[in-house]
Amino acid sequence: MTASSVSSRKVLSKIASNRLQKELTEWQINPPSGFTHKVTDNLQRWVIEVNGAQGTIYANEKYQLQVDFPENYPMEAPQVIFLHPAPLHPHIYSNGHICLDILYDSWSPAMTVGSICISILSMLSSSTVKERPEDNDRYVKNCRNGRSPKETRWWFHDDKV
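A few points on the structure. Predicted model only: the values in this text are computed from it and were never measured.

Observations regarding the sheet that holds strand E3 (residues 62-68)
Argument step 1. On the basis of which strands lie adjacent, the open sheet formed by four strands has the order E1-E2-E3-E4 and antiparallel pairing. Of all strands in the sheet, those with a lone pairing partner are strand E1 (35-38) and strand E4 (79-82), marking the two edges. Looking at each pair of strands side by side, their axes are set apart by 25 degrees on average, direction ignored.
Argument step 2. Sheet topology places E1 next to strand E2 (residues 45-51); four bridges connect them, and they run antiparallel. Among the inter-strand pairings, Thr36 is bridged to a residue of E2, identified as Glu49.
Argument step 3. This element, helix H2 (residues 14-29), spans E1 and E2 of the sheet and lies at about 30 degrees to E2.
Argument step 4. Running at roughly 35 degrees to E2, helix H3 (residues 113-126) makes contact with E1, E2, E3 and E4 of the sheet.

In structure tokens, the structure reads:
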């Protein structure tokens, strides 16, 4: 998100606020393995540390996810991106955008931040190569003006990683 879109972001609805408070409480009691929520006073933006799973090509590596919640969460998916530096992965662009269907077309209000994190760790863990998507340079160039990954028409075609 650009600085202007962050400042113009709408306030969370009561439903969204209650849901996020509940998810945060559950996270504090039983966080997903391999993840740490960096506590701030901003309920609408979470920064989450991701630890690469042992036995994978990302073992002992640490990355950060930024999760921005829309005003009508959970009816609408949060925007989830990797902060710089994003891991080298065939479904993660160098600007941090993630090509993962549950973040877009396959989102369900039953999903939580924890389930998103587990899906992302699974995606990372299943990769056998560290490389960017083939269209990385073109995609990143088209996103230079702060375009959200939620504005992208993703083509989900690769189940291998």
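A closer look at the nonpolar core
Argument step 1. One finds Trp46, Ile48, Leu65, Phe82 and Ile98 to be the most contacted residues of the largest nonpolar core, which totals 35 residues.
Argument step 2. For this core, the elements supplying multiple residues, two or more each, are H2, E2, E3, E4 and H3.
Argument step 3. The element best represented in this core is H3, accounting for seven residues.
Argument step 4. Ignoring anything within four residues of it in the chain, the contact list for Trp46 reads Leu20, Glu23, Leu24, Trp27, His37, Leu65, Gln66, Val67, Phe69 and Val113.

Considerations on the pattern of salt bridges
Opposite charge on two side chains lets them pair, provided their charged atoms get close.
Argument step 1. For the coordinates displayed, the defined rule picks out six salt bridges.
Argument step 2. The partner of Glu23 in a salt bridge is Arg19, and the shortest N-O contact between them spans 2.7 Å. Taken together, the residues Glu23 and Arg19, both in helix H2 and four residues apart, mark about one turn of the helix. Considered together, Glu23 and Arg19 belong to a single accessibility category, that of buried residues.
Argument step 3. Across the salt bridge formed by Arg45 and Asp68, the nearest N and O atoms sit 2.5 Å from each other. Here Arg45, found in strand E2, pairs with Asp68, found in strand E3; they are 23 residues apart in sequence, far enough to count as distant.
Argument step 4. Classification of Asp68 as buried rests on a relative accessible area of 3%.

Some details on the side chain of Asn136
Argument step 1. Along the polypeptide, Asn136 turns up in helix H4 (residues 136-142).
Argument step 2. For Asn136, the side chain forms a polar contact with the main-chain nitrogen of Ser94, separated by 2.8 Å.
Argument step 3. Excluding anything up to four places from it in sequence, Asn136 contacts Tyr93 and Ser94.

Conventions we followed
- Residues numbered from 1 in each chain as written.
- Predicted model: local features only at pLDDT ≥ 70, side-chain atom pairs only at ≥ 80, totals over all residues.
- Heavy atoms only, no water.
- Pairing = 2+ DSSP bridges.
- Helix = DSSP H or I, 4+ residues; strand = E, 2+ residues; numbered from the N terminus.
- Axes fitted to C-alpha atoms, helices over the stretch in contact; angles between N-to-C directions.
- Contact = heavy atoms within 4.5 Å.
- Core = buried A, V, L, I, M, F, W, Y, C linked by side-chain atoms within 4.5 Å.
- Buried < 20%, exposed > 50% of the residue type's maximum accessible area, 1.4 Å probe, protein only.
- Salt bridge = Lys/Arg side-chain N within 4 Å of Asp/Glu carboxyl O.
- Polar contact = N/O pair within 3.5 Å; in protein donor to acceptor, adjacent residues only side chain to side chain.

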